[in-house]
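Summary of the model geometry
Listed here are the chains, written in short residue letters.
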Amino acid sequence: MPACQVPLVVGDTVLAEVCHIRARRKGGARYDPSLTAKEKDEYANLILLCPTCHTIADKDLRYSTALLQDIKDMHERAGLPEINTEIARQASLIYEAKCARKSSKITQSAVQGSAQASTRGPGVSVAIGGHNQGDIKINLNGSQKKLGSSYPANSIGADANLTNYIDYLCDLYVKYMAPVSKDTGQLWGKLGRQIKNRFRLRKRTRNHLAAEHFDALVKFLVSEKLATTPVGKAHLRNGTKLCRSFEEFRSGSFE
């Protein structure tokens, strides 16, 4: 960060944190549902920060995706006068620390018995506290249904492109409402109820809506929801776009 003088490595202790510019999980800072799992962890979406700057960037709404990318670009353009031995050593420590967080390698562990799990559905989740080198037995009970979409063939939920774009618009609405309310859970719930009421979905979700109503849902979200938020009104006053079009979203274009 500009003006930050906090060391990223003290001795052999790594303080640096490899941070995601656009969050890996929904609800995180600057979350972008259009990113694939691979893209979220690629270099373009990562920035190295001290713990304090990381916390500030994730909690202060002024730190947008564009701002963090600009900060990263400015730092890289400035470069370093010399990659000396100490800087190289620190870089290696940071890299090793990052890899260690991803690895769950066990060098030594005692056998602690076995674990068993059963399920009546097509899937199962097993959680084990501590290290375990014993047997894990999973018994699948009941009929095995064919895996696939739980939504009708002609619904929005059956098409990943339609689903992801609607999720993108809903997520933008929650972000655009930040100056009014930071309770994202409440905002998501309220928006879901409004969609159900508008399209008479009753107990069904927006993903059950027939694909033929996709354009109507998009128009509702853009014209009646995004455009009425504080951020949306500012976009309209400045003559900037409220969001990406469906075609731009599918192609990954930001123009």
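Below you will find a few notes about this structure. Everything numeric in this text was worked out from a predicted model, so none of it was measured. (Residues numbered from 1 in each chain as written. Predicted model: local features only at pLDDT ≥ 70, side-chain atom pairs only at ≥ 80, totals over all residues. Heavy atoms only, no water.)

**Topic: the side chain of R244**
Definition in use: Secondary structure elements follow DSSP: runs of H or I no shorter than four residues count as helices, runs of E no shorter than two count as strands, and numbering proceeds from the N terminus. For each residue, the accessible area found with a 1.4 Å probe, counting protein chains only, is set against the maximum for its type, and the residue is called buried under 20%, exposed over 50%, and partly exposed in between.
Considering the arrangement of structural elements, one finds R244 in the loop between α8 (230-238) and α9 (246-251). Residue classification places R244 among the buried residues on the basis of a relative accessible area of 7%.

**Re the packing of aromatic side chains**
In this description, a pair of aromatic rings is defined by centroid distance and the angle of the planes. We count it as follows: To pair, rings of Phe, Tyr and Trp, with the six-membered ring standing in for Trp, must have centres within 6.5 Å; the planes then decide the type, stacked if under 30 degrees apart, edge-to-face if over 60, and tilted in the middle. Think of it as a cone above the ring: NZ of Lys or CZ of Arg counts as a charge over the ring if it is within 6 Å of the ring centre and within 35 degrees of the ring normal.
Inspection of the entire model under this criterion finds seven aromatic pairs. Relative to F214, the ring of Y165 lies with its centre 6.2 Å away and its plane at 55°, an arrangement referred to as tilted. Taken together, the residues span a long stretch of sequence, with Y165 in helix α5 (residues 160-176) and F214 in helix α7 (residues 214-225) at a distance of 49 residues. Taking relative accessible area as the criterion, Y165 reaches 3% and is therefore assigned buried. Each residue in the set Y165, Y168, F214, F246 and F249 is aromatic and connected to the rest through ring pairs, giving one cluster. Stacked on the ring of Y43, the Lys or Arg K72 has its end atom at 3.8 Å from the ring centre. One Lys or Arg, R244, reaches over the ring of Y168 and ends 5.0 Å from the middle of that ring.

**Notes on the packing of helix α6 (residues 184-198) against α7**
The axes of two packed helices give the description: the angle between them and the distance between them. Put simply, the rule is: Axes, fitted as lines to C-alpha atoms, cover a helix only where it is in contact. Angles between the N-to-C directions of the axes lie from 0 to 180 degrees. Reported orientations rely on four angle classes, namely roughly parallel under 35 degrees, roughly antiparallel over 145, roughly perpendicular from 65 to 115, and oblique for the rest. Crossings are assigned a handedness: left-handed for a near helix turned anticlockwise from the far helix by less than a right angle, right-handed for a clockwise turn. Contacts are assigned to residue pairs that have any heavy atoms within 4.5 Å of one another. Residue classes follow a fixed rule: Ala, Val, Leu, Ile, Met, Phe, Trp, Tyr, Cys and Pro count as nonpolar, while Asp, Glu, Lys and Arg count as charged, and any other residue, Gly among them, counts as polar.
Orientation of α6 relative to α7, taken along the N-to-C sense of each, is 125°, at an axis distance of 12 Å. Between α6 and α7, the crossing angle belongs to the class labelled oblique. As for the relative orientation of α6 and α7, their crossing is right-handed in sense. Residues L191, Q194, I195 and R198 of α6 form the contact with α7, whose participating residues are L217, F220, L221, E224 and K225. A per-class count over the contact of α6 with α7 returns five nonpolar, one polar and three charged.

**Side note on the nonpolar core**
Keep this limit in mind: Buried Ala, Val, Leu, Ile, Met, Phe, Trp, Tyr and Cys residues form a nonpolar core when they are joined through side-chain atoms within 4.5 Å.
If you look at the biggest cluster of nonpolar residues, it comprises 30 residues, and the most contacted ones within it are Y165, L169, I195, L217 and L221. Listing elements by their share of this core, those giving two or more residues are α5, α6, α7 and α9. Looking at this core, the element that brings in the most residues is α5, giving ten residues. Not counting the four nearest positions on each side in its chain, L221 is found in contact with I166, L169, C170, L191, I195 and L226. Counting nine residues, the second-largest nonpolar core is a separate cluster that includes C19, A57, L68 and I71.

**Remarks on helix α3 (residues 65-78)**
Inclusion rule: Helix span is expected to be 1.5 Å times the residue number reduced by one. It is the directions from the helix axis to the C-beta atoms whose arc is reported.
The end-to-end C-alpha distance of α3, which contains 14 residues, comes to 20 Å, matching closely the 20 Å that a straight helix rising 1.5 Å per residue would cover. Within the sequence span of α3, burial applies to L68, I71 and K72. For α3, the arc enclosing every buried residue in end-on projection is 95°, short of the 170-degree limit, so these residues lie on one face. In the core, the buried residues of α3 are packed alongside β4 (46-49) and α2 (51-59).

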